[in-house]
Amino acid sequence: MSRRGFLKTFGTGAIAAAAMVTGCKNPSKTVQIEDEYKKQVEPPKGKMTFRVNPKTKEKVSLLGYGMMRLPTKKDGSDGQDVIDQEQVNRLTDYAIEHGVNYFDTSPAYCQGNSETSTGIALHRHPRSSYYVATKLSNFSPDTWSRKASIEMYRNSMKSLQVDYIDYYLLHGIGMGGMDALRGRYIDNGLLDFLVEERKAGRIRNLGFSYHGEIEVYDYLLSQHDKYQWDFVQIELNYLDWDYANEINDRNTDARYLYGELQKRGIPSVIMEPLLGGRLANLPQYLAIELKRKAPERSVASWAFRYAGTPEGVLTVLSGMTYMEHLKDNLLSYCPLVPVTKEEEEYLYGVAKQIVGVETIPCNDCKYCMPCPYGVDIPGIFVHYNKCKNEGRLPRLIKDGNYDRYRREYLIGLDRSVPKIRQANHCIGCGQCEPHCPQNIRIPRELHKIDRFVEKLKQEALDEAAQEKTT
């Protein structure tokens, strides 16, 4: 059945990452969608798949915990969202109990509070039971000095309550090109300093995470003989493998990134296996296809199995805010069932179809925040992408559902993003753009969405005025 025919038969309602499809033998009948988390199987203990660090011979869990999107709660004093430490402790305990031993954080995560929260949760466990990864996140030029950068490095140890860091990264190399690399790490002697820290044992493994200009990636790998990179963190998933350039005109396909590491025997740490959730919240017709092919698996599990299959992958990071996410990902890696060649080709076919669905490649990482003018950049993009993926974006006035989709889009936008933080408040200063790992032209996209929203509002006003005159 073609995509158009499928949508005509089943409609364009939403399907979430965890949606289970049953009773699908006859495609002419209504598809029943259930919340599979209600029926979630408890992941087994003692079944985690591990990969061996070729340098240290340590066994690293294939599932790594990304401490980037930690659970929050309202602070009783001023009503602001704060990290829910009790929940973080609970999730950490459960992860360790089921074999997870790699925890990844940064001074930039959770408005600067992730390292402290991670340190509190991990410090309750024996130091030998986990590996902690953090980063030199000196993005702003006022942190490029040797003094400021070393202070950031030492503060990470204090926040994490450790006297050595297992995996330390130059954070987001490629953003800002070679000039930023030189300013952040080379001209100030920071890279040489970190190499000495590794010799002293305060850093056990030294690497970098890559976003942006490929010239920087290639340059650092060309210096492998000098720096002896112990690992490199890259974005890898079945969409980015061949289509990173299609969805983002300045990124490099994961096939190339992974291949260059393999040539040098450098282990890969994988980020964005779900592309910020995009490969879990697929368009309905694709999600249903995946559920039909493997009803017992979540849509997200396909992406996790794919990312964990290559032998050169040391661990796959996932930012797990809720216990349901943690359990689902544990089921993918306790143990890993590698994707077969047939399944791999099938996923590449899915990727080819995803490329045809134009969305903004926002991963909701919030590196662009805070906006100096209060714009909720990721919130605006997430709402737009959600409606686009669900086939509920008001596009054609002739569409019988146009009025309903327009009303839902505007109401949903106001509910998810306060009016004072919507796209019409973007002045185009561009301060956000250099920080975006996906190289989104943020002001341009915000202005496009603003024009789209204003068009929808004006149409609604015109119709209301016309009704009053008739």
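None of these values were measured; they are calculated from a predicted model. (Residues numbered from 1 in each chain as written. Predicted model: local features only at pLDDT ≥ 70, side-chain atom pairs only at ≥ 80, totals over all residues. Heavy atoms only, no water.)

K.L.:
I keep staring at the overall build of the protein chain and nothing clicks. Help me out?
P.N.:
From N to C terminus, the protein chain includes 17 helices and 14 strands. The buried share of the protein chain, reckoned over its 470 residues, is 56%. Residue pairs in contact within the protein chain that sit at least 24 positions apart in sequence constitute 74% of those at least 6 positions apart. (Helix = DSSP H or I, 4+ residues; strand = E, 2+ residues; numbered from the N terminus. Buried < 20%, exposed > 50% of the residue type's maximum accessible area, 1.4 Å probe, protein only. Contact = heavy atoms within 4.5 Å.)

K.L.:
What should I look at first to understand the pattern of salt bridges in this one?
P.N.:
Once their charged atoms are close, side chains differing in charge can pair, the charge on each being opposite to the other. Counted by the stated rule, this structure contains 28 salt bridges. In this structure, the salt-bridge partner of Lys-55 is Asp-230, at a minimum N-O distance of 3.4 Å. Taken together, the positions of Lys-55 in the loop between β3 (50-52) and β4 (59-61) and Asp-230 in the loop between α8 (224-227) and β12 (231-235) put the pair 175 residues apart, joining distant regions of the chain. On the basis of relative accessibility, which here comes to 10%, the residue Asp-230 falls in the buried class. Between Arg-255 and Asp-242 there is a salt bridge whose closest N-O contact spans 2.8 Å. Residue Arg-255 is found in helix α10 (residues 254-264), and its partner Asp-242 is found in helix α9 (residues 240-247); the two are separated by 13 residues along the sequence. Overall, the relative accessible area of 29% leaves Asp-242 in the partly exposed class. (Salt bridge = Lys/Arg side-chain N within 4 Å of Asp/Glu carboxyl O.)

K.L.:
Which parts of the structure should I look at to understand the packing of helix α2 (residues 85-97) against helix α13 (residues 323-333)?
P.N.:
When two helices pack together, you describe them by how their axes are tilted relative to each other and by the distance separating the axes. Following both chains from N to C, one finds α2 and α13 inclined at 15 degrees, their axes separated by 10 Å at the closest point. As judged from the angle between their axes, α2 and α13 are roughly parallel. The two elements α2 and α13 meet at a crossing, and its hand is right-handed. Along its contact with α2, which presents Arg-90, Leu-91, Tyr-94 and Ala-95, the element α13 presents Met-323, Leu-326, Lys-327 and Leu-330. Split by residue class, the contact of α2 with α13 holds 6 nonpolar, no polar and 2 charged. (Axes fitted to C-alpha atoms, helices over the stretch in contact; angles between N-to-C directions. Parallel < 35°, antiparallel > 145°, perpendicular 65-115°, else oblique. Left-handed = near helix turned anticlockwise from the far one by under 90°. Nonpolar A, V, L, I, M, F, W, Y, C, P; charged D, E, K, R; others polar.)

K.L.:
I tried to follow the nonpolar core on my own but got confused; where do I start?
P.N.:
Formed by 97 residues in total, the largest nonpolar core has its most connected members in Phe-208 and Tyr-238. Tyr-409, Cys-426, Cys-432 and Phe-452 belong to the second largest nonpolar core, which has 27 residues in total. (Core = buried A, V, L, I, M, F, W, Y, C linked by side-chain atoms within 4.5 Å.)

K.L.:
How should the pairing of strand β10 (residues 165-173) be read in this particular structure?
P.N.:
The two faces of the sheet receive side chains in turn, since in a regular strand these alternate between them. Extensive coverage of β10 is indicated by the burial of 9 of its 9 residues. Note that strand β9 (residues 131-136) and β10 share 4 bridges and pair parallel. Note that in β10 the partner of Lys-135 across the bridge is Leu-169. With helix α4 (residues 146-160) bridging β9 and the parallel β10, this β-α-β connection has right-handed handedness. (Pairing = 2+ DSSP bridges. Right-handed = clockwise from strand over helix to strand, strands pointing away.)

K.L.:
I would appreciate a short explanation of helix α17 (residues 442-469) in the present structure.
P.N.:
Residues spaced three or four apart along an α-helix point in a common direction, a consequence of the helix completing one turn every 3.6 residues. With 28 residues, α17 extends 41 Å from end C-alpha to end C-alpha; this agrees with the ideal 40 Å at 1.5 Å per step. Those residues of α17 lying buried are Ile-442, Pro-443, Glu-445, Leu-446, Ile-449, Asp-450, Phe-452, Val-453, Leu-456 and Glu-459. (Expected span 1.5 Å × (residues − 1).)

K.L.:
Help me understand the sheet that holds β10 in this model?
P.N.:
By way of backbone hydrogen bonds, the strands of a sheet pair with one another, either parallel or antiparallel. Spatially, β5-β8-β9-β10-β11-β12-β13-β14 is the arrangement adopted by the 8 strands of the closed barrel, whose pairing is parallel. When strand polarity is set aside, the average angle formed by the axes of neighbouring strands in this sheet is 30 degrees. One ladder, built from 6 bridges, connects β10 with strand β11 (residues 203-210); its direction is parallel. For Leu-169, the partnering residue across the bridge sits in β11 and is Gly-207.

K.L.:
What is the right way to look at the environment of Gly-349 in this model?
P.N.:
Mapped onto the elements, Gly-349 comes out in helix α14 (residues 341-355). Measuring from C-alpha to C-alpha, the distance between Gly-349 and Leu-239 comes to 9.6 Å, with 110 residues separating the pair along the chain.

That is the geometry; function is a separate question.
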